[in-house]
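Structure assessment
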Number of protein chains: 2
Amino acid sequence: MGRPPDPKRAEARRAEVAAATWRAIARHGIEGASLRTIAQEGGFSTGTLVYYFRNKQDILLFAGRMVLDGVVTRVRQAVSPRPSLSALEQALLTEMPRNEKKRLGWTIWLAFTAQAPSSELFRQEHEQRYAELRALVCMCLEAERTRLASDVDIGAEAKRILGLFDGLGLHALLEPGVYTGPDQVELFQHAMRSLARA
Amino acid sequence: MGRPPDPKRAEARRAEVAAATWRAIARHGIEGASLRTIAQEGGFSTGTLVYYFRNKQDILLFAGRMVLDGVVTRVRQAVSPRPSLSALEQALLTEMPRNEKKRLGWTIWLAFTAQAPSSELFRQEHEQRYAELRALVCMCLEAERTRLASDVDIGAEAKRILGLFDGLGLHALLEPGVYTGPDQVELFQHAMRSLARA
DNA sequence: CTTTGAAAATAACAACCGTTATGATAACGA
DNA sequence: TCGTTATCATAACGGTTGTTATTTTCAAAG
């Protein structure tokens, strides 16, 4: 008889909680992101949090998963229909921290990445998402194998590309004055092309 | 008349505290590194901690500073007497997480790096140390300018090298199975040489 | 040996943590 | 309208946190 559950609304509410978690982490750091600060950031009470999540770790895991999930999904959609190095370059450049929205994403990414060494759950999450990313990069390299040197190691090249991507993104996040938006584009494009020629 | 202070011993004690802090962070993550767990890890009481440091943040800042300080110092000593790309390559390879000691260092580095976006103190610390690192890399590139293409942008090349270094090191830390020790050497050396040729 | 102050341990503090329990509200079916 | 139940706010719980105060230990100077 009573009021029926609304799965649609529940999912949207969980996303709101995740967004509030991101803002709380960005403002206070991950160790300052308590249930109370998250709730305050989202404008709801701690009761709402524990109603949609079993405990705090579930909240963090969900919020962290959404970030990397978004990156992988967007890159896949940009690259999957017609894999190419230029499409990959464009997709990764779009993900770099060149505006406030992406900077927030990288801040969250960094906070969760730092949890990986001491949390098996976060480590596995990282491992899975980056396996997907590497596969996407490899797909783009395979598609242009004819344009590459014959002895190129595609797996290794993919690791170098993602290493440079994360490294430059990290430095750009922490020193936006030294790594301006145009700088990031130039740095990454130049490296991608010198790799492709190798 | 009483017992005189011993600055030497005080400095050594602070280093012990820093080492205990590293182990506590490696074991419990940075949010699990409380004054009590740090003290337990080092075998002393919280009283010792607050005797040598004003508060917890000072402990973390000191412990974090020592890690990056060590890296910069070692790279400088390896590269400064006779700057070259091969010396730089060797120095950076030595710092990669290819053994447990270096893996611990990278874990601490990651924990502190993740604090930078929400802590101005840690952000400044990062900025200063990486400015020094970039200067060292630039020095090595300058020393071999004749062997490089004439239109090469040394500042940009330094940023790419350090980006690749941190990115590969980070991934190797989190996925040691995918990035084995020999893999790291091959990945980094290959990239260094393709950059030099550019 | 006594005295003195550095070094360190212990104890106490309020504030905050994650979790759980409890109450209030409101939307829906009957 | 009434009863039921999803949703959410509030309050309380034991435990832990960083900090401060107090006490103990102990090496060396007098």
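Structure report, in brief.

About the thresholds
- Residues numbered from 1 in each chain as written.
- Chains lettered and ligands numbered in written order.
- Predicted model: local features only at pLDDT ≥ 70, side-chain atom pairs only at ≥ 80, totals over all residues.
- Helix = DSSP H or I, 4+ residues; strand = E, 2+ residues; numbered from the N terminus.
- Buried ≥ 20, exposed ≤ 12 C-beta atoms within 10 Å, placed from the backbone.
- Contact = placed C-beta atoms within 7 Å.
- Near = placed C-beta within 6 Å.
- Nonpolar A, V, L, I, M, F, W, Y, C, P; charged D, E, K, R; others polar.
- Expected span 1.5 Å × (residues − 1).
- Least-squares fit on C-alpha atoms with pLDDT ≥ 70 in both.
- Axes fitted to C-alpha atoms, helices over the stretch in contact; angles between N-to-C directions.
- Parallel < 35°, antiparallel > 145°, perpendicular 65-115°, else oblique.
- Left-handed = near helix turned anticlockwise from the far one by under 90°.

Before going further, it helps to examine the overall build of chain A. If you tally the helices and strands in chain A, you get 9 helices and 0 strands. Listed N to C, the secondary structure of chain A is α-α-α-α-α-α-α-α-α in terms of helices and strands. Across its three principal directions, the C-alpha atoms of chain A cover 65 × 45 × 30 Å. Considering chain A as a whole, with its 198 residues, one finds that 37% of them fall into the buried category. Of all intrachain contacts in chain A linking residues separated by at least 6 positions in sequence, the fraction that spans at least 24 positions is 62%.

As a further point, take the protein's contact with DNA strand C. The full set close to DNA strand C counts 27 residues, and Ser34 and Asn55 of chain A together with Gly2, Ser45 and Gly47 of chain B are the nearest of them. Within the residue set of the surface near DNA strand C, elements represented by two or more residues are helix 2 (35-42) and helix 3 (46-52) of chain A together with helix 1 (7-28) and helix 3 (46-52) of chain B. Ranked by the residues each element gives to the surface near DNA strand C, the list is headed by helix 3 of chain B, at 4 residues. Of the residues belonging to the surface near DNA strand C, the class tally is 9 nonpolar, 11 polar and 7 charged.

Looking now at the protein's contact with DNA strand D. Every one of the 27 residues lining DNA strand D counts as a neighbour, but Gly2, Ser45 and Gly47 of chain A together with Ser34 and Asn55 of chain B are closest to it. The biggest single contributor to the surface near DNA strand D is helix 3 of chain A, with 4 residues. Classifying every residue of the surface near DNA strand D by side-chain character gives 9 nonpolar, 11 polar and 7 charged.

Chain B puts 39 residues into the contact, and the matching count from chain A is 41 residues. Mapped onto the side of chain B that touches chain A, the elements with two or more residues apiece are helix 6 (100-113), helix 7 (120-143), helix 8 (154-174) and helix 9 (181-197) of chain B. The element that contributes the greatest number of residues to the side of chain B that touches chain A is helix 8 of chain B, accounting for 13 residues. For the side of chain B that touches chain A, the per-class residue count stands at 18 nonpolar, 13 polar and 8 charged.

Our focus in this paragraph is helix 1 (residues 7-28) of chain A. Residue and element names in this part refer to chain A. Between its first and last C-alpha, helix 1 extends 31 Å over 22 residues, near the 32 Å set by a 1.5 Å rise per residue. Among the residues of helix 1, those classed as buried are Val17, Ala18, Ala20, Thr21, Trp22, Ala24 and Ile25. The elements touched by buried residues of helix 1 are helix 2, helix 3, helix 4 (56-79) and helix 6 (100-113). Glycine 29 occupies a position one or two residues after helix 1 and carries a positive phi of about 75 degrees.

Turning our eyes to something else, we now look at the relation of the copies chain B and chain A. At an RMSD of 0.1 Å, chain B and chain A line up after a rotation of 180 degrees and a shift of 0.0 Å along the axis. Within this description, the copies of the chain are treated as partners about a two-fold rotation axis. Taken as a fraction of all interface residues of chain B, those also at the interface in chain A reach 100%, which identifies the copy contact as same-surface.

Before going further, it helps to examine the packing of helix 4 (residues 56-79) of chain B against helix 6 of chain B. Two quantities define a packed helix pair, namely the angle between the helix axes and the distance between the axes. Residues and elements named next belong to chain B. Close contact between helix 4 and helix 6 brings their axes to 10 Å; oriented N to C, the two are set at 125 degrees. By the criterion of interaxial angle, the relationship of helix 4 to helix 6 is oblique. Crossing of helix 4 against helix 6: the hand is left-handed. Contacts from Gly64, Val67 and Leu68 of helix 4 reach helix 6 at Gly105, Ile108, Trp109 and Phe112. Along the lines of polarity and charge, the residues of the contact of helix 4 with helix 6 split into 5 nonpolar, 2 polar and no charged.

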